[in-house]
Amino acid sequence: MRIPASQYSLRSFLDYLSENAGEIFETESEGKWLKSYLLYVNDDWQSLFLQHSLQKMGDVWHFTIADEERSADYYVYEWKPGLILCFTGSTKEDYEKTLRRFVTEKRGISEAWISPPLFENLKNHVLTKYSATMYSFISRRSRFSEAIAKIGRQEYNRRMSYSGEDASDVLKETQLMYGTISTRMDFRIGSDKIQLNRNGMVLIRDVNESTISILLDIIGSVSEELSTIRITSGRFKTSTRTIGLTEHQIIVPTLVAGKITVPNAKFDVKTVKMLFGEAKNEVDLGKSDEETDEFSDFSFIDTYVSDDAVSFSATVVDDRKGTVFGLSAYNGELALIPKYRTTFESFVRFYETIAEDVDGDAHLTMFSEQTLSEPVAR
């Protein structure tokens, strides 16, 4: 997707896409659709892309990520501080080999994941406001999940894919019967098609004025919560400050910790040790780690679990970004204690894993803050 250089606002950029969709997108080639990716970034986000020929085009920026085999163009708009929106017409494979790899390896950037409750609200919003029809979905359930399911066998991971005009009803049924949460949903709105993904990607198969308007509505409906998560996770850090007079100054370390509250989680010793990778579930025997380990991006050392699992702790290593933080859990609260090379995306991704695989109602706050589900002292 190549757009002529100009001084664009977000609106004029999107207008150009919709007015010239036939020339820009190879709609007859599967995968050549407009894709927008919500990404968390650090405050100086432009510096992340300087090595990729970053070019300012008004309120929109352009960069190209290339390797030996492929090249993909991206156009970026800063939706809110710390939250950017990337547009591309590249295929899924090109994205995986370019921007996705870059996001995975680079410090200071991550996918802007949408929490299960917010994703559910977004689904209802699209169905109601646009009289949409859901015709396909993908959902999953982790063996760690505390989601209530009418069918047992809680020790199994589950992944379901369904296509059909009754997909909305089937999704509700699978949520009720199996305790699954949706990760991808495809909608038909009139003759147009839109796909929503919990990793922050919105795919538009028919680019026109109507679908562009729906896209902006979708981003607007989730951006407030996403921005809150980005701001909150960015505050977890260690620092120092100097106090006293010039002759008698003392350097004082300060620490801002985070907290994940899991109101529905009921940890036991076996579950915690499985989470830490110290025990295997019986149904996992003979399977590879890639098939069974939901926390594969994290390593746990110096672990401790109390006899009743009411409290447990560990030093957590983010194997992607090299961050080290402490985890200390007690009675449904997981404290996140920054230790080394702190970066917000490690905390976001750990929170994402807890919310998806343990408790969909998990809340991320600063350690000193109360969540909405906590009672206020009187």
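Residues numbered from 1 in each chain as written. Predicted model: local features only at pLDDT ≥ 70, side-chain atom pairs only at ≥ 80, totals over all residues. Heavy atoms only, no water.

Before going further, it helps to examine the packing of aromatic side chains. Counted by the stated rule, this structure contains 20 aromatic pairs. Note on Trp113 and Tyr351: the rings are 5.3 Å apart at their centroids and 85 degrees apart in plane angle, and the pair reads as edge-to-face. Of this pair, Trp113 sits in the loop between β6 (109-111) and α5 (116-129) while Tyr351 sits in helix α10 (residues 344-357), placing them 238 residues apart in sequence. For Tyr351, a relative accessible area of 5% corresponds to the buried category. With a centroid separation of 5.1 Å and 75 degrees between ring planes, the pair formed by Phe267 and Phe312 is classed as edge-to-face. Of the two residues, Phe267 sits in the loop between β14 (258-261) and α8 (269-275) while Phe312 sits in strand β16 (residues 311-318), which places them 45 residues apart along the sequence. Overall, the relative accessible area of 16% leaves Phe267 in the buried class. Exposure remark for Phe312: the relative accessible area of 4% places this residue in the buried category. Ring pairs connect the aromatic residues Trp45, Phe49, Trp61, Phe63, Tyr74 and Phe102, which therefore count as one cluster. Sitting above the plane of the Tyr135 ring, Lys193 keeps its charged end 5.4 Å from the centroid. One Lys or Arg, Arg230, reaches over the ring of Phe344 and ends 4.0 Å from the middle of that ring. (Phe/Tyr/Trp six-rings, centres within 6.5 Å; stacked < 30°, edge-to-face > 60°. Helix = DSSP H or I, 4+ residues; strand = E, 2+ residues; numbered from the N terminus. Buried < 20%, exposed > 50% of the residue type's maximum accessible area, 1.4 Å probe, protein only. Lys NZ or Arg CZ within 6 Å of the ring centre and 35° of its normal.)

On to the environment of Ser328, then. Summarising the element assignment, Ser328 is placed in strand β17 (residues 324-330). Each residue touching Ser328, except ones within four places of it in the same chain, is listed here: Phe312, Ser313, Glu333, Leu334, Ala335 and Ile337. (Contact = heavy atoms within 4.5 Å.)

Counted by the stated rule, this structure contains 20 salt bridges. For Arg188, the salt bridge is made with Glu165, and the minimal N-O distance between the two is 3.1 Å. Taken together, the residues Arg188 in strand β9 (residues 181-189) and Glu165 in the loop between β8 (158-163) and α6 (167-178) connect sequence positions 23 residues apart. With a relative accessible area of 25%, Arg188 lands in the partly exposed category. Residue classification places Glu165 among the exposed positions, given a relative accessible area of 54%. Linking Lys259 and Glu333 is a salt bridge whose minimum nitrogen-to-oxygen distance equals 3.8 Å. Here Lys259, found in strand β14, pairs with Glu333, found in strand β18 (residues 333-340); they are 74 residues apart in sequence, far enough to count as distant. Bridged by salt links that share partners, the residues Arg140, Arg198, Glu356 and Asp357 form one connected network. (Salt bridge = Lys/Arg side-chain N within 4 Å of Asp/Glu carboxyl O.)

Formed by 83 residues in total, the largest nonpolar core has its most connected members in Phe87, Leu196, Ile260 and Phe350. In terms of residues, this core owes the most to one element, helix α7 (residues 209-234), which gives 8 residues. (Core = buried A, V, L, I, M, F, W, Y, C linked by side-chain atoms within 4.5 Å.)

So, about the sheet that holds β18. Strand order in the open sheet made by the 6 strands is β15-β16-β17-β18-β14-β19, with antiparallel pairing throughout. Two strands close off the open sheet at either side, each with one partner strand: β15 (298-305) and β19 (363-366). Direction aside, neighbouring strands of the sheet carry axes that sit 25 degrees apart on average. Summarising the sheet, β16 and β17 pair through 7 bridges and their orientation is antiparallel. Within β17, the residue paired with Ser311 across the bridge is Tyr330. Strands β14, β15, β16, β17, β18 and β19 of the sheet are contacted by α10, whose axis makes an angle of about 70 degrees with β15. (Pairing = 2+ DSSP bridges. Axes fitted to C-alpha atoms, helices over the stretch in contact; angles between N-to-C directions.)

Although it is not a glycine, Asp302 adopts a positive phi angle of roughly 50 degrees. Using a relative accessible area of 62% as the deciding quantity, one classes Asp302 as exposed. The phi dihedral of Ala309 is positive, around 60 degrees, even though this residue is not glycine. Structurally, Ala309 is set in the loop between β15 and β16.

A few words now on α7. When the terminal C-alpha atoms of α7 are compared, their 36 Å separation across 26 residues agrees well with the 38 Å that a helix rising 1.5 Å per residue should span. In the structure, α7 departs most strongly from a straight axis at Ser223, where the bend amounts to approximately 45 degrees. Measuring from the side-chain oxygen of the N-cap residue of α7 to the backbone nitrogen of Ser210 gives 3.0 Å; that N-cap residue is Asn208. (Expected span 1.5 Å × (residues − 1). Bend = angle between axes of the 7 residues up to and from the residue. Polar contact = N/O pair within 3.5 Å; in protein donor to acceptor, adjacent residues only side chain to side chain.)

Of the two faces of β14, both are covered, the one formed by Gly258 and Ile260 as well as the one formed by Lys259 and Thr261. One ladder, built from 4 bridges, connects β14 with β18; its direction is antiparallel. The residue bridging Lys259 from the neighbouring strand is Ala335, located in β18. Sheet analysis places β14 next to β19, joined by 4 bridges and oriented antiparallel. By the bridge assignment for β19, Lys259 is matched with Thr365.

Before going further, it helps to spend a moment on the side chain of Ser346. You can see Ser346 is positioned in helix α10. By relative accessible area, which is 0% here, Ser346 ends up buried. Beyond its immediate chain neighbours, meaning those up to four positions away, Ser346 contacts Phe298, Asp318, Lys321, Thr323 and Phe325.

It is worth stressing that arrangement in space is one thing and function is another; only the former is reported here.
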